[in-house]
Amino acid sequence: MVGALAAAAQETAEAATSGNFATNNAWLIPALPFLAFFLILFFGKRLPRKGTEIGILAVGGSFVLALIVLIGDYVGGGGPVVEREVDWFPFGRDLGLGLGMKVDGLVAVMFLVVTLVSLMVQIYSTAYMHGDKRYTWYFAALNLFTGSMLNLVIANNLLQLLV
């Protein structure tokens, strides 16, 4: 009896933590704007549109991934809670700092909100900031801010939330 209950609990746990490809790799959503930050910072001045194309493509890609996460797993109710963690800085055998993600229905909705608002700000800013001498830096900083907000949404521990 106890063995059957344990097996049923394990099957339920495995089913609850399985999601689609985008949900299991949701760390890519904040990683794209962070990558865009560095690309714009180092190569933005050399590009024809001064780095705006990199920023808009990165946030647009994050928006598409967020849409796939939301529609693929959480529309219609329920959905898995996907949690992954990597030991970032171990303090011994049992203690350490982790870098991880927790994706559930609320996170999926917030991904969509943050990426949509950031995408609209980036598109609007191409005309608004045109001619500014720090145009490239503005778009690099905007992508850093977007990546930080998405990291805040996906954080699974307090330290990652605050950093």
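Heads up: these notes are all about the structure in this document. The structure presented is a predicted model; accordingly, all values stated were derived computationally and were not measured.

Calculation rules
Residues numbered from 1 in each chain as written. Predicted model: local features only at pLDDT ≥ 70, side-chain atom pairs only at ≥ 80, totals over all residues. Heavy atoms only, no water. Axes fitted to C-alpha atoms, helices over the stretch in contact; angles between N-to-C directions. Helix = DSSP H or I, 4+ residues; strand = E, 2+ residues; numbered from the N terminus. Parallel < 35°, antiparallel > 145°, perpendicular 65-115°, else oblique. Left-handed = near helix turned anticlockwise from the far one by under 90°. Nonpolar A, V, L, I, M, F, W, Y, C, P; charged D, E, K, R; others polar. Phe/Tyr/Trp six-rings, centres within 6.5 Å; stacked < 30°, edge-to-face > 60°. Buried < 20%, exposed > 50% of the residue type's maximum accessible area, 1.4 Å probe, protein only. Expected span 1.5 Å × (residues − 1). Arc of directions from axis to C-beta. Contact = heavy atoms within 4.5 Å. Core = buried A, V, L, I, M, F, W, Y, C linked by side-chain atoms within 4.5 Å. Polar contact = N/O pair within 3.5 Å; in protein donor to acceptor, adjacent residues only side chain to side chain. Patch = residues over 30% accessible without salt bridge, like charges linked within 9 Å, V, L, I, M, F, W, Y side chains within 5 Å. Areas by Shrake-Rupley, 256 points an atom, 1.4 Å probe, with all protein chains shown as cover. Salt bridge = Lys/Arg side-chain N within 4 Å of Asp/Glu carboxyl O. Lys, Arg positive; Asp, Glu negative; His and termini not counted. Charge placed at Lys NZ, Arg CZ, Asp CG, Glu CD.

### As for the packing of helix α3 (residues 28-43) against helix α6 (residues 135-154)
Inference 1: Axis separation between α3 and α6 bottoms out at 8 Å; the angle between their running directions is 160°. Between α3 and α6, the angle falls in the class roughly antiparallel. Every pair of crossing elements has a handedness; the one defined by α3 and α6 is left-handed.
Inference 2: A class-by-class count of the residues in the contact of α3 with α6 yields 15 nonpolar, 6 polar and no charged.

### Points about the packing of aromatic side chains
Inference 1: As enumerated under the stated definition, the model contains 5 aromatic pairs in all.
Inference 2: With a centroid separation of 5.4 Å and an interplanar angle of 90°, the aromatic rings of Tyr 138 and Phe 139 are classed as edge-to-face.
Inference 3: A relative accessible area of 26% means that Tyr 138 is categorised as partly exposed.
Inference 4: A connected cluster of aromatic rings, assembled from ring pairs, spans Tyr 135, Tyr 138 and Phe 139.

### With respect to α3
Along an α-helix, residues three or four positions apart point the same way, because every turn accommodates 3.6 residues.
Inference 1: Here α3 spans 21 Å end to end across 16 residues, near enough to the 22 Å set by a 1.5 Å rise per residue.
Inference 2: Those residues of α3 not exposed but buried are Ile 29, Pro 30, Pro 33, Ala 36, Phe 37 and Ile 40. Angularly, the buried residues of α3 cover 115° about the axis, an arc narrow enough to put them on a single face.
Inference 3: Each element contacted by the buried residues of α3 is listed here: α4 (52-74), α5 (105-128) and α6.

### Describing the nonpolar core
Inference 1: By size, the foremost hydrophobic cluster in this structure holds 20 residues, and its most contacted members are Ile 29, Val 69, Val 103 and Phe 111.
Inference 2: Tallying contributions element by element places α4 first for this core, with 6 residues.
Inference 3: Sequence-distant contacts of Val 69, that is, excluding residues within four places in its chain, are made with Ala 22, Thr 23, Ile 29, Tyr 74, Val 103 and Ala 108.
Inference 4: Counting 9 residues, the second largest nonpolar core, distinct from the first, contains Phe 37, Ile 40, Phe 139 and Ala 140.

### Structural notes on the side chain of Ser 125
Inference 1: Note on placement: Ser 125 falls in helix α5.
Inference 2: Side-chain polar atoms of Ser 125 contact the side chain of Tyr 138, separated by 2.9 Å.
Inference 3: Among residues more than four places away in sequence, those in contact with Ser 125 are His 130, Tyr 135, Tyr 138 and Phe 139.

### Some words on a positive patch on the surface
Inference 1: Taken together, the side chains of Lys 45, Lys 50, Lys 133 and Arg 134 make up a positively charged region of the molecular surface.
Inference 2: Counting through the fold element by element, Lys 50 comes out in the loop between α3 and α4.

### Side note on the environment of Gly 51
Inference 1: Here Gly 51 lies in the loop between α3 and α4.
Inference 2: Owing to a relative accessible area of 0%, Gly 51 belongs among the buried residues under this scheme.
Inference 3: For the pair Gly 51 and Trp 137, spaced 86 residues apart in sequence, the C-alpha to C-alpha distance is 9.0 Å.
Inference 4: Those residues in contact with Gly 51 that lie beyond four places of it in its chain are Ile 40 and Gly 44.

### Remarks on the side chain of Gln 122
Inference 1: Inspection of the secondary structure assignment puts Gln 122 in helix α5.
Inference 2: Contact partners of Gln 122, with chain neighbours within four places excluded, come to Gly 55, Ile 56, Val 59, Phe 139, Leu 142, Asn 143 and Thr 146.

### Looking at the packing of α4 against α5
Inference 1: Viewed as axis vectors pointing N to C, α4 and α5 meet at an angle of 155°, and their least axial separation amounts to 8 Å. Regarding the angle of α4 to α5, the classification is roughly antiparallel. Like other packed secondary-structure pairs, α4 and α5 cross with a definite hand, here left-handed. On α5, the residues that touch Thr 52, Gly 55, Ile 56, Val 59, Gly 60, Ser 62, Phe 63, Ala 66, Leu 67, Val 69, Leu 70 and Tyr 74 of α4 are Gly 105, Ala 108, Val 109, Phe 111, Leu 112, Thr 115, Leu 116, Ser 118, Leu 119, Gln 122, Ile 123 and Thr 126.
Inference 2: Split by residue class, the contact of α4 with α5 holds 15 nonpolar, 9 polar and no charged.

Note that all results are geometric; they support no functional claim without further evidence.
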